Amino acid sequence: MAERPEDLNLPNAVITRIIKEALPDGVNVSKEARRAISQAASVFVLYATSCANNFAMKAKRKTLNAGDVLAAMEEMEFERFLEPLREALEVYKKGQKGKKEVSEQKRKDKEKKVDSENDKSREEEDEEEDEERMEEEAEGEAEEEEVEN
């Protein structure tokens, strides 16, 4: 938990970016207004988190999930945001699934590469052993010829 109230505020850069994206070009926002919006956003996040936590506690869980947040939004009478939140959640899940698939493919490719390198190493070792055997045989044959002569 935060020790000071200002620790609970969202980063100013994030708030400024959100404000700029929400307003038409040419609209200015005073520093005081940005600060008020920042504090209001922080209070909203804390309240939504507290409500979502109540749903998790009722379900005897310690981890908040997306369903808890959606239920909290409904309880807080923000129903009009539920559908956009569900859509954003779906986009997020698809993105995570795509990342997981890419990560899995990279892992498989890496394993194939390691296996391929191991196979090459084994082939090289086998070739070296064959060359050594051939050299030993050639030396043995040369010694036999010397002994015969």
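In this text the structure is predicted, and so the values were computed from the model without any measurement.

Closest axis-to-axis distance for the helix H2 (residues 31-58)/helix H3 (residues 66-75) pair is 8 Å, and the angle between their directions is 115°. Accordingly, the angle class assigned to the pair H2 and H3 is roughly perpendicular. You can see that H2 and H3 cross each other, and the crossing is right-handed. Contacts between H2 and H3 pair Phe-44, Ala-48, Cys-51, Ala-52, Phe-55 and Ala-56 from the former with Asp-68, Val-69, Ala-71, Ala-72, Met-73 and Glu-75 from the latter. A breakdown of the residues in the contact of H2 with H3 according to their chemical character gives ten nonpolar, no polar and two charged.

This paragraph deals with H3. Looking at H3, one finds that the buried residues are Asp-68, Leu-70, Ala-72 and Met-73. At the N-terminal end of H3, a side-chain oxygen is found 3.0 Å from the backbone nitrogen of Gly-67, two or three residues along, and the residue is Asn-65.

Time to look at unusual backbone geometry. It is generally the case that most residues other than glycine have a negative phi and that most peptide bonds are trans. Of note, Lys-60 is a non-glycine position whose phi angle comes to about 60°, a positive value. Inspection of the secondary structure puts Lys-60 in the loop between H2 and H3. Unlike most non-glycine residues, Glu-77 shows phi in positive territory, near 65°. Inspection of the secondary structure assignment puts Glu-77 in the loop between H3 and helix H4 (82-148).

Another aspect to go through is the packing of aromatic side chains. This model, assessed by the stated rule, comprises two aromatic pairs. Taking 5.4 Å as the distance between ring centres and 80° as the angle between the ring planes, the aromatic pair formed by Phe-44 and Phe-78 counts as edge-to-face. Taken as a pair, Phe-44 in helix H2 and Phe-78 in the loop between H3 and H4 lie far apart in primary sequence, 34 residues in all. On the basis of relative accessibility, which here comes to 33%, the residue Phe-44 falls in the partly exposed class. Looking at Phe-78, the relative accessible area reads 28%, which means it is partly exposed.

Scoring rules and cut-offs
Residues numbered from 1 in each chain as written. Predicted model: local features only at pLDDT ≥ 70, side-chain atom pairs only at ≥ 80, totals over all residues. Heavy atoms only, no water. Axes fitted to C-alpha atoms, helices over the stretch in contact; angles between N-to-C directions. Helix = DSSP H or I, 4+ residues; strand = E, 2+ residues; numbered from the N terminus. Parallel < 35°, antiparallel > 145°, perpendicular 65-115°, else oblique. Left-handed = near helix turned anticlockwise from the far one by under 90°. Contact = heavy atoms within 4.5 Å. Nonpolar A, V, L, I, M, F, W, Y, C, P; charged D, E, K, R; others polar. Buried < 20%, exposed > 50% of the residue type's maximum accessible area, 1.4 Å probe, protein only. Polar contact = N/O pair within 3.5 Å; in protein donor to acceptor, adjacent residues only side chain to side chain. Phe/Tyr/Trp six-rings, centres within 6.5 Å; stacked < 30°, edge-to-face > 60°.

Structural measurements only, silent on function.
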